[in-house]
Structures are given as structure tokens and as C-alpha cells.
Amino acid sequence: MAFQQHETHFRALSDEELDAWRVIPPAVASDCMNRTQVMNAAIKPIRDGQILCGQARTVTTMVGDCGPICALISNARPGEIVMVDAGGVEDTAVWGGVMAEEAIHRRLGGAVIDGAIRDVADIRKAGFSMFCRSVVPRGPHHGFGGIIDGTISVAGVPVRSGDIVLGNDDGVVVVPLEQAATVLAAAQAHLLKEESWIRDIRSGVSIPKMFELPSAK
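In this numbering scheme, every chain counts its residues from 1 along its sequence in written order. Restriction of local features to residues with pLDDT of at least 70 applies here, the model being predicted, together with a cutoff of 80 or more for giving and counting side-chain atom pairs; totals for whole chains, interfaces and linings are based on all residues. Side-chain metrics in this entry use all non-hydrogen atoms of the structure; hydrogen atoms and water are not considered.

In the nomenclature of an unreviewed UniProt entry, the protein corresponds to Putative 4-hydroxy-4-methyl-2-oxoglutarate aldolase from the organism Azospirillum thiophilum.

Participant: An account of the overall build of the protein is requested, with residue identities and associated values reported.
Facilitator: Counting from the N terminus, the helices are the DSSP runs of H or I reaching at least four residues and the strands are the DSSP runs of E reaching at least two. If you tally the helices and strands in the protein, you get seven helices and 11 strands. A globule of 217 residues ought to have a C-alpha radius of gyration of about 17 Å, and the protein, at 19 Å, matches this closely. Overall size of the protein, expressed as C-alpha extent along the three principal axes, is 60 × 35 × 30 Å. Total accessible area on the protein stands at roughly 11000 Å², and carbon and sulfur atoms take up 53% of it. Side chains of the protein carry 20 positive and 26 negative charges; the gap between the two charge centres is 4 Å. Two things to know: the radius of gyration comes from C-alpha atoms, and the globule rule equals 2.2 Å times the number of residues to the power 0.38. Here the accessible surface of atoms and residues is derived via Shrake-Rupley with a 1.4 Å probe, and residues count as covered only by protein chains that are part of the display. Charge convention: Lys and Arg are scored as positive, Asp and Glu as negative, and His as well as the terminal groups of each chain are ignored. One atom stands in for each charge, and that atom is NZ of Lys, CZ of Arg, CG of Asp or CD of Glu.

Participant: Any details on the environment of Leu-213? Residues and values, ideally.
Facilitator: In this fold, Leu-213 is placed in the segment after helix H7 (207-210). Working definition: with a 1.4 Å probe on protein chains only, accessible area under 20% of the residue-type maximum means buried, over 50% means exposed, and in between means partly exposed. The exposure class assigned to Leu-213 is partly exposed, which follows from its relative accessible area of 44%. Contacts were defined at the residue level, with two residues in contact if any of their heavy atoms lie within 4.5 Å. Not counting chain neighbours up to four residues away, the residues in contact with Leu-213 comprise Ile-207 and Pro-208.

Participant: So, the UniProt feature "binding site: Mg(2+)" (unreviewed entry) in the protein: which residues are in play, and what are the values?
Facilitator: UniProt positions are given in the numbering used here, feature names are shortened, and annotations may be inferred rather than shown by experiment. This chain's UniProt record puts "binding site: Mg(2+)" (unreviewed entry) on Asp-119. Its location among the elements puts Asp-119 in the loop between strand S5 (110-117) and helix H5 (120-126). Sequence-distant contacts of Asp-119, that is, excluding residues within four places in its chain, are made with Gly-96 and Gly-97.

Participant: Tell me about the pattern of salt bridges, residues and numbers included.
Facilitator: The salt bridge criterion pairs a side-chain nitrogen of Lys or Arg with a carboxyl oxygen of Asp or Glu, the two atoms within 4 Å. Counting across every chain of the model gives 10 salt bridges. Note that Glu-80 is salt-bridged to Arg-57, the shortest N-O span being 3.0 Å. Here the residue Glu-80 occupies a position in the loop between helix H3 (67-75) and strand S4 (81-85), and Arg-57 occupies one in strand S3 (residues 52-61), the gap between them amounting to 23 residues. Across the pair Arg-57 and Asp-149 runs a salt bridge, and its minimum N-O distance is 2.9 Å. Of the two residues, Arg-57 is situated in strand S3 and Asp-149 in the loop between strand S7 (146-148) and strand S8 (152-154); the sequence distance between them amounts to 92 residues. Side by side, Arg-57 and Asp-149 carry an identical accessibility label, which is buried. Among the charged side chains, a network of salt bridges with common partners joins Arg-57, Arg-77, Glu-80 and Asp-149.

Dropping the structure here:
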């Protein structure tokens with residue numbers, strides 16, 4: 001079965017716009033979306049200190065098929081994040097070291113796999129920003145089918161091509177592109193508020209007093 005590619009016409013963010021997002025932690029972005037848009041805890045980086053910040057390119061693939069993912073890697077633009085709905089299957093890898101090499105060559109911004117990967121040591125050594133559900137040696141097949149640039153679900157979060165993807169050691173959050181300006185402004189204000197909380201704590205203010213929490217009885 002051949003895979004399909006949908007037309008997509010999302011607005012590409014400028015470098016300056018993305019720079020503003022690079023200082024927003026995923027946790028803060030989620031707080032500013034009423035604690036939503038958070039991928040479940042199974043999605044983790046393959047090494048400490050990894051960062052994701054870029055616009056999504058989506059692909060959904062049949063179980064154990066890496067064909068549509070390879071096609072997306074070959075036409076994604078520098079900085080874009082490959083977002084893969086692989087059905088959450090943990091026993092068959094749909095991404096490996098050769099795919100990571102092409103993604104690095106094309107200067108992609110990273111990948112999030114709701115499924116399994118392999119060759120993890122090579123991918124770590126290469127420095128590619130990879131988040132996934134599991135790692136397993138069993139490799140994929142090609143050609144069962146899938147869709148590029150459709151709306152997908154990755155670890156419980158809807159994702160469309162163009163959405164903003166933020167990832168760090170905590171996990172991954174997705175900001176819908178149409179909400180970007182509102183969420184960014186709220187997140188910047190939230191960071192300033194957190195700075196004031198830290199100053200207060202360091203001056204001796206307790207958290208219960210700061211947040212006017214009820215006293216223990």
C-alpha cells in the first residue's frame with residue numbers, strides 16, 4: 001500500500017520567533033494552556049539535556065513501517081521536528097541510525113516517536129535530539145502505508161504540521177500554531193512571575209504564605 005501526503009500551508013516561523021520560544025520550558029507552556037497538550041510520561045529523551053524547539057512535520061505509519069517516515073525526512077525543512085504516530089508499538093523500531101544520519105544531514109530539529117527506535121547508542125553519539133517511547137533491536141519493514149502532514153495523535157496529544165514542539169528532560173509539549181502568540185505572551189509573563197517567587201523564597205517567604213495556602217489543623 002502506498003502512503004499519502006496531504007497538502008499543508010502552515011506559516012513558517014522566523015528565526016526570531018523561534019528564538020523567543022527557545023527559553024520557554026515545556027512545563028511553563030503547558031501551564032499556560034491549562035496544563036494540557038502534554039505527551040504522556042512514556043515519551044522521554046534518549047539522553048539528558050536534549051532540547052526540542054521547532055515546528056512539527058507529522059507522519060502516521062502502519063505498525064512496523066518506516067517508509068513514510070523516510071519520505072518525510074527527505075522533504076522536511078531544516079529545523080523542523082519529525083512527529084511520528086507509530087501506534088505506540090514498543091516491540092518494533094520504526095527509526096534507526098541510518099535515518100538519524102539523513103535527518104542530521106538535512107539539519108532537522110529532532111524527532112518524537114510514539115513507538116520504538118533502535119541504534120540508540122549511535123543516535124546519542126551523533127547528537128540528534130530524539131524522544132521516543134521505547135528502544136528495541138527489532139527493525140521495521142517498508143511499504144505498508146501511512147500519511148504525511150495529516151493531523152495525528154502522539155502520546156495522547158493532537159499534532160498538526162506547523163504546530164510548535166517543545167521538549168526537554170521533562171518531556172514534550174505541543175503548542176497549536178494558531179495559539180502561538182497568546183501562549184507565548186502568557187509564558188513570558190509566567191516566567192517573570194516565577195522569578196519573583198524565587199526572589200521571595202530566597203528572602204525568606206514561605207510557599208504557603210506566598211500562595212495563601214490554608215494552614216494545617
